[in-house]
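Next come the chains, spelled out residue by residue.
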Amino acid sequence: MRAGEAHEDLVDEMVPLARGELRILRPRDSEALLDEDAFEHEEFLPYWAELWPSGVALARDISNRSLRAARTVELGCGLGLPSLAAALAGGRVLATDWSPDAIEMTQRNATRSGATVDTLVCDWARPDALLARAPWDLVLGADLLYEHRNVDQLTDLLPRLVDGSGEILLADPGRVLAEEFLERAAGRFSIRTTGHGQVMIHRLLLLREG
Ligand SMILES: C[S@@+](CC[C@H](N)C(=O)[O-])C[C@H]1O[C@@H](n2cnc3c(N)ncnc32)[C@H](O)[C@@H]1O
């Protein structure tokens, strides 16, 4: 199968949340999306095409909340599940990823679920569009800390996205690099961690300077 055809071979996955079930469309076989470019450029690796346990746990957590028009951004949204849950919980949501394919699938998933979600292709290495709209009330990220580069970029970026009243929620399946990130983030944030089965959700609040 060519990678292009794999984009159209889709399946629906039902995800039960506090506010009812969400139907998430995803490629049936994410490995079929690999092509030669993908091996040469990490941004083309199809990690976006799977529904990772961290995304499900974060969406479940969010769907128990009432977001009251909170200005919310999701980083590395993949198929968009936490963004959809945040929009349905009342947030004003911008879903972002560096993969245009992820953003297209997130838009399709939002339309199908009746959620209003803005979308943007954005790389953490070039975050001007995110910084221009900061500070955010709520920043979401699920399973983002799997490369050293990601740790460096998010250590630099996250404190610039919120002010003293903003909240960052990072869901992670216990990756070693998440530990490294948390050690580095401890100087800038107060961090509270809760367990959700095999996934941890880290809640970060910016510490006041001085
Ligand atoms: C392991 S996947 C998790 C996807 C989704 N959050 C979930 O939990 O199902 C990591 C996501 O981060 C995105 N990503 C990786 N590096 C990125 C970067 N530098 N800028 C923006 N997005 C990035 C990938 O495209 C992918 O969608």
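This text follows the structure it describes.
Not measured: the values here are computed from a predicted model.

(A) Fine view of the sheet that holds strand E9 (residues 199-206). Read from one edge of the open sheet, seven strands run E5-E4-E3-E6-E7-E9-E8, paired in mixed fashion. Sheet topology places strand E5 (117-121) and strand E8 (189-196) at the edges, where each strand pairs with a single neighbour. With strand direction ignored, the average angle separating the axes of adjacent strands in the sheet is 20°. Across four bridges, strand E3 (residues 71-75) lies against strand E4 (residues 92-97) in parallel orientation. Note on E4: the bridge partner recorded for Val-73 is Leu-94. Against the sheet, helix H5 (residues 100-113) touches E4 and E5, its axis set at about 170° to E5.

(B) Structural context of the pairing of E4. Of all six residues making up E4, five are buried, and the element is well covered by its neighbours. Where the polypeptide runs from E3 across helix H4 (residues 81-88) and back to E4, its parallel neighbour, the crossover connection is right-handed. Sheet analysis places E4 next to E5, joined by five bridges and oriented parallel. If you follow Thr-96 over to E5, its bridge partner there is Leu-120. Each parallel crossover has a hand, and the one from E4 via H5 to E5 is right-handed.

(C) Structural view of unusual backbone geometry. The step from Ala-134 to Pro-135 runs through a cis peptide bond, and the omega angle for that step is 0°. Along the chain, Pro-135 turns up in the loop between helix H6 (128-132) and strand E6 (138-142). Positive phi, close to 65°, is recorded for Ala-69, a residue that is not glycine. We note that Asp-143 has phi near 55°; this positive angle belongs to a residue other than glycine. Following the sequence through the fold, Asp-143 ends up in the loop between E6 and helix H7 (148-161). We classify Asp-143 as buried; it has 22 C-beta atoms within 10 Å.

(D) Main features of the environment of Ala-110. Residue placement: Ala-110 occurs in helix H5. You can call Ala-110 buried: it has 21 C-beta atoms within 10 Å. Once residues lying within four places of it in the same chain are set aside, the contact partners of Ala-110 are Gly-80, Leu-84, Ala-115 and Val-117.

(E) Broad picture of the site of the ligand. Taken together, 20 residues sit near the ligand, with Trp-48, Gly-55, Gly-76, Gly-78 and Ala-142 positioned nearest. Looking at the shell around the ligand residue by residue, the classes come out as 11 nonpolar, six polar and three charged.

(F) Just the pairing of E9, in detail. The sheet contact formed by strand E7 (residues 167-172) and E9 spans five bridges and is antiparallel. Considered in E9, the bridge of Asp-172 is made with Met-200. Where E8 folds back on E9, the antiparallel hairpin that results is connected by two residues, among which Gly-197 adopts a positive phi of roughly 65°.

(G) Region of the structure containing helix H8 (residues 176-185). Of all the residues in H8, the buried ones are Ala-178, Phe-181 and Ala-185. With its buried residues spanning 60° around the axis, H8 presents them on a single face. Opposite its buried face, H8 presents the exposed residues Val-176 and Glu-183, each directed more than 90 degrees away. Tucked into the core, H8 has its buried residues touching H7, E7, E8 and E9.

(H) Highlighting the environment of Arg-149. Inspection of the secondary structure assignment puts Arg-149 in helix H7. Along the primary structure Arg-149 and Pro-100 are separated by 49 residues, whereas in three dimensions their C-alpha atoms are 20 Å apart.

(I) Expanded view of the nonpolar core. In terms of nonpolar packing, the biggest core is built from 56 residues, with Leu-58, Leu-81, Leu-84, Ala-85, Ala-86, Val-139 and Ala-171 touching the most fellow members. Ranked by residue count, the leading element in this core is H4, at six residues. If we ignore the near neighbours within four places in the chain, the residues touching Leu-84 are Leu-22, Asn-109, Ala-110, Ser-113, Ala-115 and Val-117.

(J) Representation of the packing of H7 against H8 in the model. Relative orientation of the contacting elements H7 and H8 amounts to 25°, with a least axis distance of 10 Å. Here H7 is positioned roughly parallel relative to H8, judged by the angle of their axes. Crossing geometry of H7 relative to H8 is assigned as right-handed. Between H7, through His-148, Val-151, Leu-154 and Thr-155, and H8, the contact on the second element is made entirely by Leu-177, Glu-180, Phe-181, Arg-184 and Ala-185. Considered class by class, the residues forming the contact of H7 with H8 number five nonpolar, two polar and two charged.

Cut-off values and rules
Residues numbered from 1 in each chain as written. Predicted model: local features only at pLDDT ≥ 70, side-chain atom pairs only at ≥ 80, totals over all residues. Pairing = 2+ DSSP bridges. Helix = DSSP H or I, 4+ residues; strand = E, 2+ residues; numbered from the N terminus. Axes fitted to C-alpha atoms, helices over the stretch in contact; angles between N-to-C directions. Contact = placed C-beta atoms within 7 Å. Buried ≥ 20, exposed ≤ 12 C-beta atoms within 10 Å, placed from the backbone. Right-handed = clockwise from strand over helix to strand, strands pointing away. Near = placed C-beta within 6 Å. Nonpolar A, V, L, I, M, F, W, Y, C, P; charged D, E, K, R; others polar. Arc of directions from axis to C-beta. Core = buried A, V, L, I, M, F, W, Y, C linked by C-beta atoms within 7 Å. Parallel < 35°, antiparallel > 145°, perpendicular 65-115°, else oblique. Left-handed = near helix turned anticlockwise from the far one by under 90°.

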